[in-house]
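Tertiary structure, described
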Amino acid sequence: MDTAERQARSQDAKKRLEALEAAGVVAVAATFVDNSGITRVKSVPLARLPHLAAWGVGISTSFDRFRFDDWIAGDGAGVEPVGDLRIIPDVRRVVPLAAQPGWAWAPADRYQQSGEPHDQCSRLLLTRLVDELARQGFTAQTTFEVEWVVSAGDGDDFVPGVTGPGYSMTRLINRSDYCRDVLNALRDERVTVEQFHPEYAAGQLELSVAPEDPVSAADTSVLVRSTIRAVGVAHGLRTSYSPKVAVPGVGNGGHVHLSLWRDSNNLFAGGDGKFGLTETADSFSAGVLARLPALLAIGAPSPVSYLRLLPSHWAGVYACWGLENREAAMRMVTGSAGSESQAANMEVKCFDLLANPYLVLSGLVAAGLAGLGEGARLPEPVDVDPAALGEEALERRGITRLPTTLREALDAFRADSALTSAFGADLVAALVAVRESELELFDGASDDDLAAATRWAH
Ligand code: GLU
Ligand code: MG
């Protein structure tokens with residue numbers, strides 16, 4: 001980042017001060033997401049925003065190795081306490097936080113003191129990969145579905161904070177004010193909510209937001225999760241995005257939707273392939289499908305993620321794809337007749353919300369690009385619950401279960417040269433160190449202990 005860019009950023013921030021002040025903002029929180037999926041923050045008083053936008057605020061390099069419980073997974077060389085980076089917010093995205101009066105938020109990138117990008121910054125990695133897509137003539141539209149549970153009271157035990165059957169009006173009535181406040185807050189933050197509903201599991205709710213370019217979608221996901229948590233605080237509810245809040249039952253997913261576009265044409269519709277896929281969308285999807293075992297190390301990043309990944313839980317644990325198939329890891333969505341050119345997309349179901357959203361989308365874009373480069377082709381789609389096919393048919397059709405442990409996923413990630421070269425050696429080393437450290441921490445832990453230890457972290 002050179003002087004001219006710093007000046008432009010500072011000017012841009014200055015122009016926004018008046019409106020932020022009028023909205024009652026006194027301080028700005030600048031966030032990034034670490035490799036364990038925790039959103040970390042530094043903040044400044046509002047008057048300091050132009051300086052922050054140009055020069056950032058210091059943050060230790062060790063955050064690349066932070067585990068969810070704040071342990072630092074160093075490599076023994078003793079370098080973690082040494083060095084500093086700058087968190088520089090993207091002020092184009094600054095927004096007053098509706099559920100935290102007086103606060104505004106902006107997503108941030110991490111730069112070196114020299115002004116060079118930090119090579120392990122996940123938001124800058126995603127920006128680079130989206131640029132690579134653009135060089136090849138494509139854009140992507142993406143969104144994260146958010147599933148969460150609310151718990152009543154301050155205790156660490158999970159006490160479903162909303163009661164009534166799944167998807168029921170009873171549940172909505174039961175927490176009508178809270179649900180309204182979540183929707184109001186997101187509207188005030190200019191987030192486009194497409195739908196909201198009570199989900200299946202105890203205390204579970206879900207909302208989905210409109211697709212955006214990948215960096216914006218990851219930013220929005222951070223904002224949505226923080227906002228839901230803040231509204232919960234005001235209502236005496238604790239929020240958990242953990243994939244397994246309570247061991248029995250269904251978990252919280254973090255499904256990702258993605259469509260690929262050239263000019264203004266959705267390549268997931270209007271093609272000659274299955275369900276209207278174009279050859280490009282087929283290859284991109286095939287690149288993702290083939291790499292799902294490795295991508296789980298990014299998208300299902302904790303040992304607790306694997307407590308969710310069970311057949312018959314709509315979590316998509318089979319490495320296959322199918323039209324509207326909720327037990328396939330990749331669910332193809334065409335939309336209703338007549339809406340395909342806007343609506344068609346792939347949904348990756350096996351990921352959860354402990355994942356860093358920038359890394360998840362980076363992984364998907366890198367895998368899709370690899371698929372394009374290889375001219376990969378999707379196998380035959382699956383039109384039933386894969387579990388119903390039986391062992392023999394699964395084997396004959398080459399349909400396998402996705403990794404059932406983080407260890408398995410991590411080994412697949414390490415072995416995948418397309419993903420590791422896109423991420424870069426330093427980020428790969430840090431990611432692997434954090435994952436290994438979490439595996440060690442939970443070695444031999446019971447399912448209940450694992451769920452309890454991770455329930456309130458993210
Ligand atoms: N809660 C399920 C999961 O763990 C997803 C349910 C749905 O398809 O919406 O992914
Ligand atoms: Mg759902």
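Preceding this section is the structure that the text describes.
As a convention, each chain's residues are numbered from 1 in the sequence order in which they are written. A letter from A marks each chain and a number from 1 marks each ligand, given out in the order of writing. pLDDT decides what is reported in this predicted model: residues at 70 or higher carry local features, side-chain atom pairs at 80 or more are listed and counted, and totals for whole chains, interfaces and linings draw on all residues regardless. In computing side-chain properties, one takes all heavy atoms of the structure into account and sets aside hydrogens as well as water.

**Some remarks on the coordination of the magnesium ion (ligand 2)**
The magnesium ion (ligand 2) binds to the protein through Glu147 (OE), Glu199 (OE) and Glu206 (OE), with metal-donor distances spanning 1.9 to 2.3 Å. The rule for donors is simple: N, O or S, within 2.8 Å of the metal, or within 3.2 Å if the metal is Na, K or Ca. Water isn't counted, so a site may look like it is missing partners. Motif for the magnesium ion (ligand 2), donor spacing along one chain: E-x51-E-x6-E. With Glu147 in strand S7 (residues 139–152) and Glu199 in the loop between strand S8 (193–198) and strand S9 (204–209), the pair connects residues that are 52 residues apart, well separated along the chain. Judged on exposure class, the residue Glu147 and its partner Glu199 are both buried. Strands here mean DSSP runs of E at least two residues long; helices mean DSSP runs of H or I at least four residues long; both are numbered from the N terminus. A simple rule labels every residue: compare its accessible area, found with a 1.4 Å probe on the protein chains alone, to the largest value its type can have, and call it buried under 20%, exposed over 50%, or partly exposed in between.

**Observations regarding the side chain of Asp352**
Relative to the elements of secondary structure, Asp352 occurs in the loop between strand S15 (345–348) and helix H11 (357–374). The charge count treats Lys and Arg as positive and Asp and Glu as negative. His and the chain ends do not count. Here, a salt bridge means any side-chain nitrogen of Lys or Arg that lies within 4 Å of a carboxyl oxygen of Asp or Glu. Although Asp352 lies buried, it forms no salt bridge, and the closest oppositely charged side chain, Arg308, sits 4.6 Å away as judged by the N-O distance. Only 2.9 Å separates the side chain of Asp352 from the backbone nitrogen of Leu354, close enough to count as a polar contact. Polar contacts, as used here, are pairs of N or O atoms within 3.5 Å; protein pairs need one atom able to donate a hydrogen and one able to accept it. Residues neighboring in sequence count only if both atoms are side-chain atoms.

**Remarks on the site of ligand 1**
Note on definitions. A residue lies near a molecule or strand when any single heavy atom of the residue is within 4 Å of it. Close contacts around ligand 1 come from Glu147, Glu199, Glu206, Val250, Gly251, Gly253, His255, Arg308, His313, Trp314, Ala315 and Lys349, and that covers them all. His255 is positioned with one of its side-chain polar atoms (N or O) 2.7 Å from an oxygen atom of ligand 1. Arg308 places a polar side-chain atom, nitrogen or oxygen, 2.7 Å from an oxygen atom of ligand 1. The residue classification treats Ala, Val, Leu, Ile, Met, Phe, Trp, Tyr, Cys and Pro as nonpolar and Asp, Glu, Lys and Arg as charged. All others, Gly included, are polar. Split into classes, the residues belonging to the shell around ligand 1 amount to three nonpolar, four polar and five charged.

**A short note on helix H16 (residues 447–454)**
Inspection of H16 places Leu450, Ala451 and Thr454 among the buried residues, and these make up the whole buried set. Here the buried residues of H16 occupy an arc of 95° about the axis, which is enough to place them on one side. Contact criterion: two residues are considered in contact whenever any of their non-hydrogen atoms come within 4.5 Å of each other. Among the structural elements, helix H9 (305–308) are those in contact with the buried residues of H16. Arc definition: directions from the helix axis to the C-beta atoms.

**Considerations on helix H1 (residues 3–22)**
With 20 residues, H1 extends 30 Å from end C-alpha to end C-alpha; this agrees with the ideal 28 Å at 1.5 Å per step. At Arg16, H1 shows its largest kink, close to 35°. Among all positions in H1, only Arg6, Arg9, Ser10, Asp12, Ala13, Leu17 and Leu20 are buried. Considering only its buried residues, H1 is in contact with helix H2 (49–55), strand S4 (84–89), strand S5 (95–96) and strand S6 (103–112). Within two residues after H1, Gly24 carries a phi angle of roughly 85°, on the positive side. A helix is expected to span 1.5 Å for every residue after the first. The angle between axes fitted to the seven-residue stretch ending at a residue and the seven-residue stretch beginning at it gives the bend at that residue.

**Let's talk about the packing of aromatic side chains**
Here is the rule: rings of Phe, Tyr and Trp (six-membered ring for Trp) pair when centre to centre is within 6.5 Å. Planes less than 30 degrees apart are stacked, more than 60 are edge-to-face, and the remainder are tilted. Counted by the stated rule, this structure contains seven aromatic pairs. Here the aromatic rings of Trp148 and Phe196 are separated by 6.1 Å at their centres, their planes lie at 45°, and the arrangement is tilted. Of this pair, Trp148 sits in strand S7 while Phe196 sits in strand S8, and the two are 48 residues apart along the sequence. You'll find Trp148 and Phe196 in the same group, each marked buried. Ring centres 5.6 Å apart and planes at 75° place the aromatic pair Phe275 and Trp321 in the edge-to-face group. Taken as a pair, Phe275 in the loop between strand S12 (265–266) and helix H7 (279–290) and Trp321 in strand S13 (residues 318–323) lie far apart in primary sequence, 46 residues in all. Judged by relative accessible area, which is 1%, Trp321 ranks as buried. An aromatic cluster is present here, built from Phe32, Phe63 and Phe66 joined pairwise through their rings.

**Focus on the pairing of S8**
Strand direction decides the pairing type here: S8 and S9, joined by five bridges, are antiparallel. Note on S9: the bridge partner recorded for Pro198 is Leu205. Any two strands with at least two DSSP-identified bridges between them are counted as paired. Hairpin connection, S8 to S9: the antiparallel pair is bridged by five residues, and Gly203 has positive phi, about 70°.

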